Amino acid sequence: MTAFPDIPKIEYEGPQSNNPLAFRWYNPEEIVEGKSMREHLRFSIVYWHTFRGTGSDPFGPGTAVRPWDDGSDSVANAQNRARVAFELFEKLQSPYYAFHDRDVAPEGANLRETNANFDAVADVLEEEQQRSGVKLLWGTANMFSNPRFMHGAATSCNADVFAYAAAQVKKALEVTMRLGGENYVFWGGREGYQNLFNTDMKRELDHLGRFFHLAVDYAKEIGFTGNFLIEPKPKEPTKHQYDSDAAACLNFLRQYDLMDHFKLNIEANHATLAGHSMMHELDYAGSQGALGSIDANRGDLLLGWDTDQFPTDYYQTTETMLAILKYGGIAPGGVNFDAKVRRESFEPIDLFYAHIGGMDAFAKGLKIAAAIRADGELQGLVDARYSSWNSGIGAKIEAGAATFADLEAYMLEKGEPTANVSGRQEMLEALINRYLDRC
Ligand code: XUL
Ligand code: CO
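Analysis parameters
Residues numbered from 1 in each chain as written. Chains lettered and ligands numbered in written order. Predicted model: local features only at pLDDT ≥ 70, side-chain atom pairs only at ≥ 80, totals over all residues. Heavy atoms only, no water. Helix = DSSP H or I, 4+ residues; strand = E, 2+ residues; numbered from the N terminus. Rg over C-alpha atoms; globule rule 2.2 N^0.38 Å. Buried < 20%, exposed > 50% of the residue type's maximum accessible area, 1.4 Å probe, protein only. Contact = heavy atoms within 4.5 Å. Areas by Shrake-Rupley, 256 points an atom, 1.4 Å probe, with all protein chains shown as cover. Lys, Arg positive; Asp, Glu negative; His and termini not counted. Charge placed at Lys NZ, Arg CZ, Asp CG, Glu CD. Pairing = 2+ DSSP bridges. Axes fitted to C-alpha atoms, helices over the stretch in contact; angles between N-to-C directions. Donors = N, O, S within 2.8 Å, 3.2 Å for Na, K, Ca; no water. Tetrahedral: all angles 85-135°; square planar, octahedral: opposite > 155°, others 65-115°. Core = buried A, V, L, I, M, F, W, Y, C linked by side-chain atoms within 4.5 Å. Expected span 1.5 Å × (residues − 1). Polar contact = N/O pair within 3.5 Å; in protein donor to acceptor, adjacent residues only side chain to side chain. Near = heavy atom within 4 Å. Nonpolar A, V, L, I, M, F, W, Y, C, P; charged D, E, K, R; others polar. Parallel < 35°, antiparallel > 145°, perpendicular 65-115°, else oblique. Left-handed = near helix turned anticlockwise from the far one by under 90°.

Now for the overall build of the protein. Along the backbone of the protein there are 16 helices and twelve strands. The globule rule puts the C-alpha radius of gyration for 439 residues at 22 Å, and the 24 Å found for the protein is close to it. The dimensions of the protein, computed from C-alpha atoms along their principal axes, are 80 × 60 × 45 Å. Every one of the 439 residues in the protein was classed for burial, and the buried ones make up 49%. Restricting to contacts in the protein with at least 6 residues of sequence separation, those with at least 24 account for 77%. Here the protein displays about 20,900 Å² of accessible surface, and carbon together with sulfur accounts for 52% of that area. Averaging the locations of the 42 positively and 62 negatively charged side chains of the protein gives two centres separated by 1 Å.

The structure is reproduced here in structure tokens:
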């Protein structure tokens, strides 16, 4: 049985191809900076948007046509959907996928039944992983959709809800480990507040710190060695999310003594909602040794919410790949398409066009970034800009060998700093365009 009878395995045909069902840039075996594109990019497809997204919005119901899905909440439907998912992963040559517990399996009447449903679908996922070789990039628990999480999960004012969330993560970790998941993600779905008049922020943050420690302890107990990742997002669904951006997450992790156990999963659309660029968030996390993985998507300049569109902008993918290469690659994380087709793109084939476009945009970004790095022109300009720190007073300050009194004596003697040099922003932006033209 095939769910996509008219769609072949997507192959690389090169930049001149006009075939929308072929890769023009993503050539999995092509070597860039000594590694294949497949190893650099570690693409991953998300279960939630691609197999559970219906195209509904606040003004109308779903539009998506998914002939394989009977629309029921049955375990049999979930198991069949899992097989269809693997057909798509394989046809798109995606080495990884990612899921929330509730994407893959329906809730039962109680936690016990819910866990049994999850196990029954995990059986099929395991079988399909073995058959196809597609691997699990990360698992996570959905602790935001069910009404019980209306006040949050680990930060709920209701201690029972904290306990339920703990049970849910315990199970999601076990299944992630069983399926060989290389990471485990925490996106703080409703971990934030709508109103400070009814909120004890200190207590909620302490509870979140406690929750993460419990997860670390349990991972140790069962031998889960994948990375724990926190995914920053500033707002939506709450007005203020505690994990608002990379800086807030890293501050939280330090405050609660969790830095050794967590890295960050940086999402492009979340970065812009936080008033940052993706490159800023990647550099901030990477510079502190905390770049774990990315959720690849984009927002819309004219809309202020999390539109989760597929990435297509070479400029943005180049910036992203420059940051990833700078910090030594993304493994064991990956480039995870946390992106959804538009409500109007309701046919199954749109899922293919969307991923092909995103994969090509990242492959091209990788090639441009590698070319920029190979020539060394950009790095040369950055090195020259900071050269005053390589010797003399700069080297002394960096070595911690200069006091305020030393610096005063130095400046009294010298009178004025050596003349400043231009930052050359416009020239550099044109230089980046030159590589975009040529690659
Ligand atoms: C929500 C979001 C999530 C996480 C996983 O904005 O990005 O889908 O990636 O919970
Ligand atoms: Co995400």
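Time to look at the sheet that holds strand 4 (residues 96–100). The eight strands are arranged 3-4-5-6-8-10-11-12 in a closed barrel whose pairing can be described as parallel. Each strand of the sheet is rotated relative to its neighbour by a mean of 30°, with strand direction disregarded. In terms of strand pairing, strand 6 (residues 183–187) meets strand 8 (residues 227–231) through five bridges, oriented parallel. Within strand 8, the residue paired with Asn183 across the bridge is Asn227. Helix 6 (residues 159–178) rests against strand 4, strand 5 (135–140), strand 6 and strand 8 of the sheet, and its axis sits at about 150° to strand 6. Its contacts with the sheet put helix 12 (residues 348–375) on strand 3 (43–46), strand 11 (291–295) and strand 12 (335–337), and the angle it makes with strand 12 is roughly 155°.

This part takes up the environment of Phe346. The residue Phe346 is located in the loop between strand 12 and helix 12 in this model. We classify Phe346 as partly exposed; its relative accessible area is 34%. Here the alpha-carbon distance between Phe346 and Tyr315, two residues 31 residues apart in the chain, equals 28 Å. For Phe346, the residues in contact, after removing those within four places along its chain, are Thr63, Ala64, Val65 and Arg66.

Another point: the coordination of the cobalt ion (ligand 2). Coordination of the cobalt ion (ligand 2) by the protein comes from Glu231 (OE), Glu267 (OE), Asp295 (OD) and Asp338 (OD), over a distance range of 1.9 to 2.2 Å. Every donor counted, the six donor atoms about the cobalt ion (ligand 2) form angles of 78 to 174° at the centre, which fits octahedral coordination. Between consecutive donor residues of the cobalt ion (ligand 2), the sequence gaps follow E-x35-E-x27-D-x42-D. Placement of Asp295 in strand 11 and of Asp338 in the loop between strand 12 and helix 12 is noted, with a sequence separation of 43 residues between them.

Formed by 111 residues in total, the largest nonpolar core has its most connected members in Leu41, Tyr47, Phe89, Tyr97, Phe99, Leu125 and Leu264. Top contributing element to this core by residue count: helix 12, with 13 residues. Sequence-distant contacts of Tyr47, that is, excluding residues within four places in its chain, are made with Arg52, Ala78, Arg81, Ala82, Ala85, Phe89, Tyr97, Ala98, Phe99, Asp103, Val104 and Leu125. Val46, Tyr96, Trp138 and Val185 belong to the second largest nonpolar core, which has eight residues in total.

Relative to the 28 Å expected for 20 residues at 1.5 Å per residue, helix 6 spans 29 Å between its end C-alpha atoms, a close match to the ideal helical length. Along helix 6, the residues that are buried comprise Val161, Phe162, Tyr164, Ala165, Gln168, Val169, Lys171, Ala172, Leu173, Val175 and Thr176. Where helix 6 begins, the capping side chain belongs to Asn158, and its oxygen is found 3.0 Å from the backbone nitrogen of Asp160. Residue Gly180 follows helix 6 closely and has a positive phi angle near 70°.

The subject of this paragraph is the site of ligand 1. Contacts to ligand 1 come from Trp48, His100, Trp138, Trp187, Glu231, Lys233, Glu267, His270, Asp295, Asp306 and Asp338. A distance of 2.9 Å is found between an oxygen atom of ligand 1 and a side-chain nitrogen or oxygen belonging to Glu267. Within the side chain of Asp295, an N or O atom sits 3.0 Å from an oxygen atom of ligand 1. Computed on the free molecule, ligand 1 has an accessible area of 290 Å², of which 94% lies beneath the protein chains in the complex. The residue inventory of the shell around ligand 1, partitioned by class, reads three nonpolar, two polar and six charged.

Let us look at the packing of helix 5 (residues 111–132) against helix 6. For the pair helix 5 and helix 6, the least separation of the axes is 11 Å and the interaxial angle reads 15°. Accordingly, the angle class assigned to the pair helix 5 and helix 6 is roughly parallel. Considering how the two elements wind past one another, helix 5 and helix 6 form a crossing that is right-handed. Contacts between helix 5 and helix 6 involve Leu111, Asn115, Phe118, Asp119, Ala122, Asp123 and Glu126 from the first element and Tyr164, Ala167, Lys171, Ala172, Val175 and Arg178 from the second. Counted by class, the contact of helix 5 with helix 6 contains seven nonpolar, one polar and five charged residues.

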